[in-house]
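The residues making up each chain are set out below.
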Amino acid sequence: MKLHYLNKRDYFERKNFIKTEYIYLILKSIYIDKRVNFKIRYILRGRFFYYKYCYNRVKIRNRCLITGRSRFVLRYSKMSRMTFRDFVSKGKLCGFKKY
């Protein structure tokens, strides 16, 4: 149950981050553009700094799909180091061997 909850929470955090990153980039382009009216840029400045400091990608964690562990997750296999090592030692993953 805990693993399912963590994966679901990470999914929603990634989805929310993509949406807020899109808004942040739009606000940034308007804020930097000197051709836009100063009053409009001044109004949007508050929202720009809000998105800049409140939402970041540090909150997003990669998790092992099998155990739910969030530390030392390999990108290409989406498994933690310990799970990957167990699978390789049991021969469930081909192409890897211990030297």
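Whatever comes next refers back to the structure up there.
Residues numbered from 1 in each chain as written. Predicted model: local features only at pLDDT ≥ 70, side-chain atom pairs only at ≥ 80, totals over all residues. Heavy atoms only, no water.

Taken as a whole, this structure holds one salt bridge when the rule is applied. Linking Asp-33 and Arg-35 is a salt bridge whose minimum nitrogen-to-oxygen distance equals 3.2 Å. Here Asp-33 falls in the partly exposed class, since its relative accessible area comes to 23%. (Salt bridge = Lys/Arg side-chain N within 4 Å of Asp/Glu carboxyl O. Buried < 20%, exposed > 50% of the residue type's maximum accessible area, 1.4 Å probe, protein only.)

All right, on to the layout of surface pockets then. Roughly 260 Å³ of internal volume is contained in the largest pocket. Forming the walls of the largest pocket are Asn-7, Asp-10, Tyr-11, Arg-14, Arg-61, Asn-62, Arg-63, Leu-65, Val-73, Leu-74, Arg-75 and Lys-78. When residues of the lining of the largest pocket are traced back to their parent elements, those giving at least two are helix 1 (2-32) and strand 1 (73-74). Here the lining of the largest pocket takes four residues from helix 1, the largest share from any one element. (1 Å grid on protein atoms, 1.4 Å probe; cavity = no way out; pocket = protein on both sides within 12 Å on 5 of 7 lines; lining within 4 Å. Points joined across faces, edges and corners; volume = space filled by probe spheres on them. Helix = DSSP H or I, 4+ residues; strand = E, 2+ residues; numbered from the N terminus.)

Working definition: an aromatic ring pair is given by the centre-to-centre distance plus the angle between the planes. For the structure on display, the rule yields six aromatic pairs. Measuring from ring centre to ring centre gives 5.4 Å for Tyr-24 and Phe-48, while their planes differ by 10 degrees; the resulting arrangement is stacked. Of this pair, Tyr-24 sits in helix 1 while Phe-48 is found in helix 2 (residues 38-54), placing the two residues 24 residues apart along the sequence. Here Tyr-24 matches Phe-48 in class, with each residue buried. Grouped by ring-pair contacts, the aromatic residues Tyr-24, Tyr-31, Phe-48 and Phe-49 constitute a single cluster. The ring of Phe-72 has Arg-81 lying over it, and the distance from NZ or CZ to the ring centre is 5.8 Å. In this arrangement the basic side chain of Lys-92 is found over the ring face of Phe-87, its NZ or CZ atom lying 5.3 Å from the centre. (Phe/Tyr/Trp six-rings, centres within 6.5 Å; stacked < 30°, edge-to-face > 60°. Lys NZ or Arg CZ within 6 Å of the ring centre and 35° of its normal.)

An ideal rise of 1.5 Å per residue puts 24 Å on 17 residues; helix 2 measures up with 24 Å between its terminal C-alpha atoms. Approximately 35 degrees is the largest bend angle found in helix 2, and it occurs at Leu-44. Of the residues making up helix 2, those classed as buried are Arg-41, Leu-44, Phe-48 and Tyr-51. (Expected span 1.5 Å × (residues − 1). Bend = angle between axes of the 7 residues up to and from the residue.)

Okay, the side chain of Ser-80 next. Looking at where Ser-80 falls in the secondary structure, it is placed in strand 2 (residues 79-80). Among the polar contacts listed, one links the side chain of Ser-80 to the side chain of Thr-83, at a separation of 3.0 Å. (Polar contact = N/O pair within 3.5 Å; in protein donor to acceptor, adjacent residues only side chain to side chain.)

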